[in-house]
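# Chains, contacts and geometry: an overview
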Amino acid sequence: MTELRRRMIQDLQLHGYSEKTQQCYVGAVKNLSAYFRRPPDQLGEEELRQYFLHLINVRQAARSTVTQHLSGIKFFFETTLNRPFPVLGLVRPSKRVKLPVVLAREEVRTLLGLIRHPVARMVLTLIYACGLRLSEGCLVRIEDIDAARMLLWVRNGKGGKDRSVPLPGQVLCRLRTYWSERRPPGPWLFTTARSGAPVSLSLPQKAFRAALQQSPIKKKASVHTLRHSYATHLLESGVNLCVIQALLGHASPSTTTIYIHLTQPVLDNLSGSINQLMDEL
């Protein structure tokens, strides 16, 4: 590790950034350096301008990708090097509101039923049943399960926040069966080796993709689709939007309101209204 990278990581740690954010920011600077094949501290404002134009116009990178690179590179130059550049204030990736893919309840049952790996199946079941992110599902500790209160504690979620979510009784029974059969050796509930290390994120991802290919479902779904489906199904069942926001760990209610557009009652009402308009033509 170079001294410059070590210094940036230390600066990120002092600012309280999570390990995942540290990796993303350092990776953004590494990509910048690789593009010009020069150390990042030898680059100037014109190179930064060229790089972001390349990301936006040539690579046509997603808004999230551009934003991530901007945040990491801006932190490196302005904080670690103390060299602010005006061009970093000009970069504004275009905003696009994209509706997430949602699976019907029967589609969720179909996919989970096709997964044979016991660890992957239990992780994915818990992700849907509790509305978890992939990393949150893989990093559940045995002590996070509050069986007496039927709760699952999500520790150190996005933004370093803790939250609790209801744990359905059926899922708790499955977790008890899973634990009695596998007896994980360490604090982590989901492990794949005797070392007791937590399961890798790739295991449930690969299992989900394989199940999707085997199924008749043609939607472009991913593991995160289970979380979107959880929120949408709760909303369809009449759960208050503010409650869903808390369950998902969203900082802003605007992030949660996107699910209003995806609920079946809303779609059915729209379809009925449109059909009525057509009948009147």
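Residues numbered from 1 in each chain as written. Predicted model: local features only at pLDDT ≥ 70, side-chain atom pairs only at ≥ 80, totals over all residues. Heavy atoms only, no water.

### Digging into helix α5 (residues 105-114)
All of the buried residues along α5 are Glu107, Val108, Leu111 and Leu112. Each buried residue of α5 lies within a common arc of 130° when the element is viewed along its axis, so the set occupies one face. If you follow the buried residues of α5, they end up packed against α6 (118-130), α9 (202-214) and α10 (223-236). (Buried < 20%, exposed > 50% of the residue type's maximum accessible area, 1.4 Å probe, protein only. Helix = DSSP H or I, 4+ residues; strand = E, 2+ residues; numbered from the N terminus. Arc of directions from axis to C-beta. Contact = heavy atoms within 4.5 Å.)

### A few points about the sheet that holds strand β2 (residues 151-154)
Picture the strands of a sheet paired through backbone hydrogen bonds; they go either parallel or antiparallel. Spatially, 3 strands are ordered β1-β2-β3 in an open sheet, and the strand pairing comes out antiparallel. Of all strands in the sheet, those bounded by a partner on one side alone are β1 (145-146) and β3 (163-166). Two elements, β2 and β3, share 4 bridges in a ladder whose sense is antiparallel. Of the residues in β3, the one forming a bridge with valine 154 is arginine 163. (Pairing = 2+ DSSP bridges.)

### Topic: the side chain of glutamine 245
Here glutamine 245 lies in helix α11 (residues 241-248). Once you skip the residues sitting within four places of it in the chain, glutamine 245 turns out to touch His250, Ala251, Ser252, Pro253 and Thr256.

### Considering unusual backbone geometry
Even without being glycine, glutamine 60 reaches a positive phi, approximately 50°. Structurally, the position occupied by glutamine 60 is in the loop between α3 (45-58) and α4 (63-80). Look at glutamine 60 and you get exposed, because its relative accessible area is 64%. Backbone geometry places arginine 183, a non-glycine residue, at a positive phi of 45°. Its location among the elements puts arginine 183 in the loop between α8 (169-182) and α9.

### Remarks on the packing of aromatic side chains
Inspection of every chain in the model, using the stated rule, returns 9 aromatic pairs. Centre to centre, the rings of tyrosine 17 and phenylalanine 75 are 5.7 Å apart; their planes meet at 90°, and the pair counts as edge-to-face. Of the two residues, tyrosine 17 is situated in the loop between α1 (3-14) and α2 (19-36) and phenylalanine 75 in helix α4; the sequence distance between them amounts to 58 residues. Of the residues examined, tyrosine 17 reaches a relative accessible area of 31% and is grouped as partly exposed. Judged by its relative accessible area of 5%, phenylalanine 75 is buried. Among the aromatic residues, ring-to-ring pairing joins Tyr35, Phe36, Tyr51 and Phe52 into one connected group. Over the face of the ring belonging to tryptophan 188 we find arginine 141, whose NZ or CZ atom lies 4.1 Å from the ring centre. (Phe/Tyr/Trp six-rings, centres within 6.5 Å; stacked < 30°, edge-to-face > 60°. Lys NZ or Arg CZ within 6 Å of the ring centre and 35° of its normal.)

### Considerations on the environment of glycine 196
Checked against the element boundaries, glycine 196 lands in the loop between α8 and α9. Along the primary structure glycine 196 and glutamine 50 are separated by 146 residues, whereas in three dimensions their C-alpha atoms are 46 Å apart. In this structure, glycine 196 is in contact with Pro185, Gly186, Trp188 and Thr191, ignoring residues within four places of it in sequence.

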